Amino acid sequence: MPENEKEQIVHVLDTSVFIKPEGRKFSDKVCVTTYSVMDELQSLESKVVFDMFLKKGMALMHPSEEKMKEVERGVEKLGDRVSKADVSVVALALELREKGKNVVVVTDDYSVQNLCSFFKMEFTPVATQGIRERVEWVKKCIYCNISVEEDECPRCGMHDFRFVPRKKKRLK
Ligand SMILES: [Zn+2]
């Protein structure tokens, strides 16, 4: 694969990109989102921003039913509350990754980030983009709800983990 093609990152956008002012900086990148995300936008302002992304070349896609179901099974395991639009974003990202694309999901939603982690899908936050500070994640077995350092849960031996942000200690 040529170097420039390898570095072409496809940004799969969730609703937070169109709602938060910081999201606009992604409009110059290679972007794609789903019809469900479009349907979920409520405010006039977010719809205007959405149109601006479309004019700049953002692609609009439907993930396959198959991928939607795969992600829904992940949602059931994790027990998080996510919208249909959230599911569609992760499903589309997985689909594009399978087609060999270099994909990153752009989202500020912890549940969506969790879902990405579950599927080992790369993600980046919207509002904190560019800030050096990174969220530290704690890996927990979704069955036993204990923190796990190893590749498998020492209690039940399973490999299904959720990632929760570690609470930051406030510096005085
Ligand atoms: Zn376990």
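Residues take numbers from 1 onward in each chain, read along the sequence in its written order. It should be noted that, the model being predicted, local features are given only for residues of pLDDT at least 70 and side-chain atom pairs only at 80 or more, the latter also being counted only at that level, while totals for whole chains, interfaces and linings use all residues.

A. Highlighting the overall build of the protein. What counts as a helix is a DSSP run of H or I of at least four residues, what counts as a strand is a run of E of at least two, and both are numbered from the N terminus. Within the protein, the regular secondary structure consists of 7 helices and 7 strands. Walking the protein from its N terminus toward its C terminus, one meets helices and strands in the order α-β-α-β-α-α-β-α-α-β-α-β-β-β. By definition, residues are in contact whenever their C-beta atoms, placed on the basis of the backbone, come within 7 Å of each other. Restricting the contact set of the protein to residue pairs at least 6 apart, pairs at least 24 apart contribute 59%.

B. Local environment of the nonpolar core. In this structure, Val12, Val89, Val90, Ala93 and Val105 are the most contacted members of the largest nonpolar core, which totals 31 residues. Contributions of two or more residues to this core are made by strand E1 (9–13), helix H2 (16–19), strand E2 (31–34), helix H4 (44–55), helix H5 (65–78), helix H6 (84–98), strand E4 (102–106) and helix H7 (110–118). Discounting residues that sit within four places of it in the chain, Val90 has contacts with Val71, Val105, Val112, Leu115, Cys116, Phe119 and Met121. Nonpolar cores are built from buried Ala, Val, Leu, Ile, Met, Phe, Trp, Tyr and Cys residues. These are joined into a set through C-beta atoms within 7 Å. Three exposure classes are used, all based on how many other C-beta atoms lie within 10 Å of a residue's own C-beta (placed from the backbone): buried at 20 or more, exposed at 12 or fewer, and partly exposed between those limits.

C. Up close: the sheet that holds strand E3 (residues 59–61). Should DSSP find at least two bridges between two strands, the strands are taken to pair. Pairing is parallel in the open sheet, where 5 strands are placed in the order E3-E2-E1-E4-E5. Only two strands of the sheet have a single neighbouring strand rather than two, namely E3 and strand E5 (123–124). In this sheet, E4 lies alongside E1 in parallel orientation, the contact comprising 5 bridges. Opposite Leu13, over in E4, you have Val106 as the bridge partner. Interaxial angle, 0 to 180 degrees, is taken between N-to-C directions of lines fitted to C-alpha atoms, where a helix line uses only the stretch in contact. Packed on one face of the sheet, H6 meets E1, E2, E3 and E4 and runs near 165 degrees to E4.

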